[in-house]
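Breakdown of the fold
This is what each chain is made of:
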Amino acid sequence: MINVSGIENGIVIDHIPAGKGWKIFQKLNLNTIETPVVLLMGVRSTRMGQKDIIKIEGRWDVDLKLLALIDPDITTSRIVDGKVVLKKSMEVPQKVKGLFECANPRCVSHIDQQAIPEFTLVRSNGALHYQCNYCDEVTRYSL
């Protein structure tokens with residue numbers, strides 16, 4: 001078994017569905033930050049069977065909206081002096097701006113660089129989707 005030590009100050013992103021850790025790593029551009037980052041994949045979990053975990057040393061804020069779009073069961077823990085000071089579950093955001101593109105190729109957000117894609121949460125047949133605030137196209141976020 002691999003032993004990875006805890007972090008002193010930073011954030012831990014936990015309960016990532018197995019196999020999605022690398023995509024989250026890429027979406028959050030974690031390769032561009034200057035502090036140590038650890039991506040653990042396929043970690044045994046009693047609750048999930050297997051999961052991925054990301055540990056980020058140092059002070060860095062993660063866009064929690066993005067994590068909730070990937071999987072609302074993902075949790076984040078803020079670590080200060082080696083102790084968890086805040087643990088948060090994700091909430092699916094009602095409004096999203098600039099995190100993904102509209103599915104409609106004719107939407108103004110694809111043409112006008114000033115038009116940042118904005119969406120409002122809608123429910124369709126029990127599934128969560130986002131409706132574009134510019135063209136009303138319904139889009140589902142996917143990694």
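This text follows the structure it describes.
Residues numbered from 1 in each chain as written. Predicted model: local features only at pLDDT ≥ 70, side-chain atom pairs only at ≥ 80, totals over all residues. Heavy atoms only, no water.

What to know about the side chain of Asn 104
Structurally, Asn 104 can be placed in the loop between strand S6 (95-97) and helix H3 (108-111). Assessed through its relative accessible area of 12%, Asn 104 is described here as buried. Within the local environment of Asn 104, its side chain forms a polar contact with the backbone nitrogen of Arg 106, the two atoms lying 2.9 Å apart. Once you skip the residues sitting within four places of it in the chain, Asn 104 turns out to touch His 110, Cys 135 and Glu 137. (Helix = DSSP H or I, 4+ residues; strand = E, 2+ residues; numbered from the N terminus. Buried < 20%, exposed > 50% of the residue type's maximum accessible area, 1.4 Å probe, protein only. Polar contact = N/O pair within 3.5 Å; in protein donor to acceptor, adjacent residues only side chain to side chain. Contact = heavy atoms within 4.5 Å.)

With respect to the sheet that holds strand S8 (residues 127-132)
The strand order across the open sheet formed by four strands is S6-S7-S8-S9, and the pairing between neighbours is antiparallel. Of all the strands in the sheet, the pair left with one neighbour each is S6 and strand S9 (138-139). Here two bridges tie S8 to S9, and the two strands are oriented antiparallel to one another. Residue pairing across strands places Tyr 130 opposite Thr 139, the latter belonging to S9. (Pairing = 2+ DSSP bridges.)

Details of the pattern of salt bridges
Throughout the structure, instances matching the rule amount to two salt bridges. The shortest N-O distance in the salt bridge between Glu 118 and Lys 97 comes to 3.9 Å. Here Glu 118 is found in strand S7 (residues 118-124), whereas its partner Lys 97 is found in strand S6, with 21 residues between them in sequence. Taking the relative accessible area as the measure of exposure, Glu 118 reaches 25% and is therefore partly exposed. (Salt bridge = Lys/Arg side-chain N within 4 Å of Asp/Glu carboxyl O.)

Digging into the nonpolar core
Ile 13, Ile 24 and Ile 74 are the most contacted members of the largest nonpolar core, which totals 26 residues. Looking at this core, the elements that each hand over two or more residues are strand S1 (10-17), helix H1 (21-27), strand S3 (49-57), helix H2 (64-70), S7 and S8. Per-element tally for this core: the top contributor is H2, with five residues. Setting aside chain neighbours within four positions, we find Ile 24 in contact with Ile 16, Ile 54, Leu 67, Ile 70 and Ile 74. Formed by five residues, the second largest nonpolar core is a distinct cluster that contains Val 12, Leu 40, Ile 53 and Ile 79. (Core = buried A, V, L, I, M, F, W, Y, C linked by side-chain atoms within 4.5 Å.)

A look at unusual backbone geometry
The phi dihedral of His 15 falls on the positive side, at around 60°, and the residue is not glycine. Structurally, the position occupied by His 15 is in strand S1. A positive phi is found at Asp 136, a non-glycine position, where the angle reads about 70°. Its location among the elements puts Asp 136 in the loop between S8 and S9.

So, a nonpolar patch on the surface
Taken together, the side chains of Val 80, Val 85 and Leu 86 define a hydrophobic patch exposed on the protein surface, amounting to about 240 Å² of accessible area. Mapped onto the elements, Val 80 comes out in strand S4 (residues 75-80). (Patch = residues over 30% accessible without salt bridge, like charges linked within 9 Å, V, L, I, M, F, W, Y side chains within 5 Å. Areas by Shrake-Rupley, 256 points an atom, 1.4 Å probe, with all protein chains shown as cover.)

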